[in-house]
Amino acid sequence: MEQAEIGLIGLGVMGSNLALNIAEKGNKIAVFNRTPEATRKFYAEAGELAGQIIPCETLEEFVAAIRPPRPIIIMIKAGDPVDQQMKLLEPYLSSGDIMIDAGNANFRDTIRRFDTLKDSPLTFIGMGVSGGEEGARHGPSIMVGGTEDSWKRVEKVLTSISAKFNGEPCVAWLGNDGAGHFVKTIHNGIEYADMQMIAEIYGILRDGLKLSAPEISKVFGRWNEGRLNSYLIEITEKVLAANDPISGKPMVDVILDAAGQKGTGKWSVIEAQNLGVAATGIEAAVAGRVLSSQKEERVAAEKIFGLPQTVAMPGTDGLSFLDDLENALLAAKIAAYAQGFAVMAAASKEYGWNLPMPTIAKIWRAGCIIRSQFLDEITSAFTKDPDVANLIVTPAFAQLVQETDGALRRVVSTAVMSGLPVPALASALSYFDTYRRGRGTANLIQAQRDFFGAHGFDRVDGVDKHHGPWGSGLNA
Ligand SMILES: NC(=O)C1=CN([C@@H]2O[C@H](COP(=O)(O)OP(=O)(O)OC[C@H]3O[C@@H](n4cnc5c(N)ncnc54)[C@H](OP(=O)(O)O)[C@@H]3O)[C@@H](O)[C@H]2O)C=CC1
Ligand SMILES: O=C(CO)[C@H](O)[C@H](O)COP(=O)(O)O
């Protein structure tokens, strides 16, 4: 029997679609799933692609079905399952085989797995894949980490299955060991911020302007034709227009307001903190999901405090305020993306990855969940100045911020006066206001630290005097 040129383990949502994508691009693929019923079902439903697929029910059979040296994609639940699966697979592998973890791994696990195998005859690639079900099937964005040699061995097949933006493939080798999974984690962190900010704007439209879900859908539909054009805005329009087949009500109105999370948002925040980078939009988004899940506590608190009176939204016919909302979302989005890229720049230095910022922006323009026109603008900004300290000071984005920050200020202040929670939008505004103010207020914090802990401070006049005249805090 003709052998496959690639193998894939894990026929869940992502793995089965990725396998069909690989088969459709003319690659013969062997597949295996822990539970064999899933393999049988997958093969039975593969239709005309079945001829390109070799379904296997044991790992021995699976490995034998792939031509050596074997590239094997592992697309299963992240964490311990990946270690378990690799351990079960390894005895069957031979020199030169590559295990490619394509799930949402923590990059620290990826570095550990990479290091464990680096002096062995086997190779490990940690690869972030974004695009959900549809992306996996028709073209995801793929972020690869590992040795450049191992990348070259899988470049052709990954390029064939990736999304394309104006013909350019949305796949790239980003650096050694955990680089790909780190970038995927920050992609998801930005995704969290983007989604939280959209949800906050939805809250203002629903609870401030009292618009119905179908009315809000139209607003997002209009915005999707402008500068906010993106996949997340597009699906927001669609989600808000859908009706619940059971109750006939708008679907969103019958969905419990408690968001799930699987870890990548939280890891983004942890890593940003570890690297000393302010990622306030992602922090606000993760905290927003945590608070959202405390449904019972929130319901009880509403009984105690009630809700503040909503103030009139500025603008006589609501129109100019809608323009403000659109611009506010754009301004806040700039802050979140600037923060995400700043985290990656710091990680690149820390881990010696040499992450290519223009390339990362490029491969996010299509295929992934945060894909947008906006990322093409980020690509141009980083191409002109790849080492810029912060996206918001690049000429194009500085101008955009200047055009939109007034709207963000009006929207945040109106929401605050109405008691409508906007933690991510407000964090973006505070981030701008802090970042652009040459003289901040940390002089007071330094004085306090010196007072109670003799921590010392630097002086603005450069005079070498590092303690204040307050003596020990104990004597004060
Ligand atoms: N869904 C999405 O939008 C995206 C998901 N991802 C990531 O892709 C990976 C797969 O996600 P998804 O396809 O959604 O998940 P699913 O829940 O649809 O599928 C999970 C898969 O993992 C397998 N699995 C679970 N535990 C083990 C184990 N201990 N050993 C071997 N196999 C195991 C399951 O096998 P079995 O049938 O036997 O249970 C199944 O094939 C995850 O890391 C996820 O974070 C990445 C991008 C987008
Ligand atoms: O990687 C993804 C999208 O890019 C997955 O859909 C992921 O599950 C999203 O994260 P969470 O489940 O925490 O919202």
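Residues numbered from 1 in each chain as written. Chains lettered and ligands numbered in written order. Predicted model: local features only at pLDDT ≥ 70, side-chain atom pairs only at ≥ 80, totals over all residues.

Novice: Got a minute to help me understand the pairing of strand S7 (residues 141–145) in this structure?
Specialist: Consecutive residues of a regular strand have side chains that alternate between opposite faces of the sheet. Within S7, five of the five residues are buried, leaving the element largely enclosed by the surrounding structure. Neither face of S7 is exposed, since Ser141, Met143 and Gly145 on one face and Ile142 and Val144 on the opposite face are all buried. Looking at chain direction, strand S6 (residues 123–130) and S7 are connected through five bridges and run antiparallel. Across the sheet, residue Gly128 finds its bridge partner in S7, namely Met143. (Buried ≥ 20, exposed ≤ 12 C-beta atoms within 10 Å, placed from the backbone. Helix = DSSP H or I, 4+ residues; strand = E, 2+ residues; numbered from the N terminus. Pairing = 2+ DSSP bridges.)

Novice: Explain the site of ligand 1 to me, please; I cannot follow it from the model alone.
Specialist: By nearness alone, 23 residues border ligand 1, and Gly12, Arg34, Ile76, Pro81 and Gly103 come closest of all. Broken down by secondary-structure element, the contributors of at least two residues to the shell around ligand 1 are helix H1 (13–24), helix H4 (80–89) and S6. Split by residue class, the shell around ligand 1 holds nine nonpolar, 11 polar and three charged. (Near = placed C-beta within 6 Å. Nonpolar A, V, L, I, M, F, W, Y, C, P; charged D, E, K, R; others polar.)

Novice: Can you help me understand the environment of Met1 in this one?
Specialist: Its location among the elements puts Met1 in the segment before strand S1 (6–9). For Met1, a count of 6 C-beta atoms within 10 Å puts it in the exposed group. For the pair Met1 and Ala407, spaced 406 residues apart in sequence, the C-alpha separation works out to 64 Å.

Novice: Which parts of the structure should I look at to understand the confidence of the model for the protein chain?
Specialist: Should pLDDT be low for a region, the predicted coordinates there are not to be read in detail. Scored by pLDDT, the protein chain has a mean of 96; 98% of the residues are at 70 or more. Here the complex is predicted with pTM 0.97, and the ipTM for its interfaces comes to 0.99. (pLDDT = per-residue confidence, 0-100.)

Novice: Just checking my understanding: could you explain the domain arrangement of the protein chain for this structure?
Specialist: Often, the extent of an interface is quoted as the loss of accessible area upon association of its parts. Splitting the protein chain by domain gives domain 1 (6–177), domain 2 (185–435) and domain 3 (444–475). A separation of 39 Å is found between the C-alpha centroids of domain 2 and domain 3. (Domains from an automatic or database assignment.)

Novice: Before we go on, may I ask you to explain the environment of Val277 in this structure?
Specialist: Tracing the sequence through the fold places Val277 in the loop between helix H11 (264–275) and helix H12 (280–293). Each C-alpha atom of the pair Val277 and Ala347 lies 9.7 Å from the other, and the pair is 70 residues apart in sequence. Those residues within four positions of Val277 in sequence are excluded, and the remaining contacts are Ala272, Ala342, Val343 and Ala346. (Contact = placed C-beta atoms within 7 Å.)

Novice: Hey, could you run me through the sheet that holds S1 in this one?
Specialist: In sheet architecture, strand pairing relies on hydrogen bonds along the backbone and comes in two forms, parallel and antiparallel. In spatial order, the strands read S3-S2-S1-S4-S5-S6-S7-S10; together these eight strands make up an open sheet with mixed pairing. Single-partner strands in this sheet number two, and they are strand S3 (53–56) and strand S10 (171–175). The average angle at which neighbouring strand axes cross in this sheet is 25°, direction not considered. When S7 meets S10, the two strands line up parallel, connected through four bridges. By the bridge assignment for S10, Ile142 is matched with Val171. With respect to the sheet, H1 is in contact with S1, strand S2 (29–32), S3, strand S4 (71–74) and S6, its orientation differing from that of S1 by roughly 165°. The sheet strands contacting helix H5 (residues 107–117) are strand S5 (98–101), S6 and S7, and the helix crosses S6 at an angle near 155°. (Axes fitted to C-alpha atoms, helices over the stretch in contact; angles between N-to-C directions.)

Novice: Looking at this model, I keep getting lost on the packing of helix H8 (residues 179–208) against H12. Mind explaining?
Specialist: In a packed pair of helices, the relevant descriptors are the angle between the two axes and the axis-to-axis distance. H12 packs onto H8 with a crossing angle of 70° between their chain directions and a minimal axis gap of 8 Å. Classified by the angle between their axes, H8 and H12 sit roughly perpendicular to one another. The interaxial crossing formed by H8 with H12 has left-handed handedness. Contact with H8, carried on its side by Gly189, Tyr192, Ala193, Met195 and Gln196, involves Gly281, Ile282, Ala284, Ala285, Val286 and Gly288 of H12 and no other residues of that element. Partitioned by chemical class, the residues of the contact of H8 with H12 number seven nonpolar, four polar and no charged. (Parallel < 35°, antiparallel > 145°, perpendicular 65-115°, else oblique. Left-handed = near helix turned anticlockwise from the far one by under 90°.)

Novice: Looking at this model, I keep getting lost on the site of ligand 2. Mind explaining?
Specialist: Taken together, the neighbourhood of ligand 2 is formed by Asn104, Ser130, Gly132, Asn188, Glu191, Gly260, Gln261, Lys262, Thr264, Gly265 and Ile369. Mapped by element, the contributors of at least two residues to the shell around ligand 2 are H8 and H11. For the shell around ligand 2, the two domains that each supply at least three residues are domain 1 (6–177) and domain 2 (185–435).

Novice: Before we go on, may I ask you to explain the pairing of S3 in this structure?
Specialist: Of the two faces of S3, both are covered, the one formed by Ile53 and Pro55 as well as the one formed by Ile54 and Cys56. As paired elements, S2 and S3 share four bridges and run parallel to each other. Each residue of the ladder has a partner; that of Ala30, found in S3, is Ile54. Each parallel crossover has a hand, and for S2 linked through helix H2 (residues 36–44) to S3 it is right-handed. (Right-handed = clockwise from strand over helix to strand, strands pointing away.)

Novice: What is the right way to read the nonpolar core from this model?
Specialist: Considering soluble globular proteins, one finds that nonpolar side chains tend to be buried as a cluster. Counting 141 residues, the largest nonpolar core has Val144, Ala332, Leu425 and Ala428 as the members making the most contacts within it. Here the element with the most residues in this core is helix H14 (residues 319–351); it accounts for 18 residues. The contact partners of Ala332, leaving out residues within four places of it in the chain, are Met197, Leu408, Ala424, Leu425 and Ala428. (Core = buried A, V, L, I, M, F, W, Y, C linked by C-beta atoms within 7 Å.)

Novice: Any chance you could explain H11 here in plain terms?
Specialist: An α-helix turns once per 3.6 residues; consequently, residues spaced three or four apart project the same way. Over its 12 residues, H11 runs 16 Å from end to end, which matches the ideal 16 Å to within 8%, given 1.5 Å per residue. Burial in H11 covers these residues: Thr264, Gly265, Trp267, Ser268, Val269, Glu271 and Ala272. Of the residues one or two after H11, Gly276 is the one with positive phi, at around 75°. (Expected span 1.5 Å × (residues − 1).)

Novice: Help me understand the environment of Glu168, please; the structure alone is not making it clear to me.
Specialist: By secondary structure assignment, the location of Glu168 is in strand S9 (residues 168–169). By the C-beta count within 10 Å, which is 14 here, Glu168 ends up partly exposed. For the pair Glu168 and Arg365, spaced 197 residues apart in sequence, the C-alpha separation works out to 9.8 Å.

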